[in-house]
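Architecture at a glance
Now for the letters of each chain:
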Amino acid sequence: MRLTFAHYFLLARRPLYRASLAGLIVLLAGCAASGPTFKDEPTPSRDTSLVYIYRPYASNLGLVTAAFAVDGKTVAELSPGGYEAISLSPGEHEIVQTWITTLPGSYKEMKEPLKTRVRLRPGATHYVQFQVATESRPYVTRISWKLGEVNAIEGRTAITETRRQSVKALSN
């Protein structure tokens, strides 16, 4: 299941508003993740599952860090282009995304957690993607984000472009 929140900025035709938008775009375009480049984790044993949570690089909302919790325990804090690998027990788990930092005048939706549930198979590797996207039209810019499990081929391909961040211990 993927959830999406869409947010709209309406722009007036006056130059002051256009200049403000240009400043906002520069502010939202942030830094990429730092840390070691992607490296495969060992194959999980039959009594565990491996979950990669990753945030593909996108310049929008780049200055805003996304936090992730599994079953109520914080496991990662990701900038654009970051990932974390987590070993979990097989079964159903809830993954929740929240924003650690927000911008002045942030949308109320940024304060709402984004949730997804995953069913982990024993000995399997799963990929959970958090993606931020921007769509621009005349006088309107739409920023959306979504969280959800992706298939192994898509996840494996996308995660090779990321860097490891915020290793947090998680006890099963």
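Residues numbered from 1 in each chain as written. Predicted model: local features only at pLDDT ≥ 70, side-chain atom pairs only at ≥ 80, totals over all residues. Heavy atoms only, no water.

Attention now moves to the sheet that holds strand β3 (residues 66–70). One open sheet accounts for 4 strands, arranged β4-β3-β6-β7; its pairing is antiparallel. Both edges of this open sheet fall to β4 (73–78) and β7 (114–120), since each of them pairs with a single strand only. Along the sheet, successive strands turn relative to each other by an average axial angle of 25°, direction set aside. Across 5 bridges, β3 lies against strand β6 (residues 91–99) in antiparallel orientation. The residue bridging F68 from the neighbouring strand is Q97, located in β6. (Pairing = 2+ DSSP bridges. Helix = DSSP H or I, 4+ residues; strand = E, 2+ residues; numbered from the N terminus. Axes fitted to C-alpha atoms, helices over the stretch in contact; angles between N-to-C directions.)

For D71, which is not a glycine, the phi torsion comes out positive at approximately 50°. Along the polypeptide, D71 turns up in the loop between β3 and β4. One non-glycine residue, Y139, lies in positive phi territory at about 70°. When its relative accessible area of 38% is taken as the criterion, Y139 is described as partly exposed. (Buried < 20%, exposed > 50% of the residue type's maximum accessible area, 1.4 Å probe, protein only.)

Along the chain, A58 falls in the loop between β2 (49–55) and β3. We classify A58 as buried; its relative accessible area is 17%. Residues A58 and V132, 74 residues apart in the sequence, show an inter-C-alpha distance of 6.7 Å.

Attention now goes to the environment of R119. As for its placement among the helices and strands, R119 is situated in strand β7. Separated by 29 residues in sequence, R119 and P90 have C-alpha atoms that sit 7.4 Å apart. In contact with R119, other than residues within four places in its own chain, are G91, E92 and H126. Separated by 2.8 Å, the side chains of R119 and E92 make a polar contact. (Contact = heavy atoms within 4.5 Å. Polar contact = N/O pair within 3.5 Å; in protein donor to acceptor, adjacent residues only side chain to side chain.)

Applying the stated criterion across every chain yields a total of 7 salt bridges. Across the pair E84 and R164 runs a salt bridge, and its minimum N-O distance is 2.7 Å. In this pair, E84 is assigned in strand β5 (residues 82–88) and R164 in strand β10 (residues 163–164), connecting sequence segments 80 residues apart. Across the salt bridge formed by R117 and E94, the nearest N and O atoms sit 3.7 Å from each other. In this pair, R117 sits in strand β7 while E94 sits in strand β6, placing the two residues 23 residues apart along the sequence. Exposure remark for R117: the relative accessible area of 45% places this residue in the partly exposed category. Judged by relative accessible area, which is 26%, E94 ranks as partly exposed. (Salt bridge = Lys/Arg side-chain N within 4 Å of Asp/Glu carboxyl O.)

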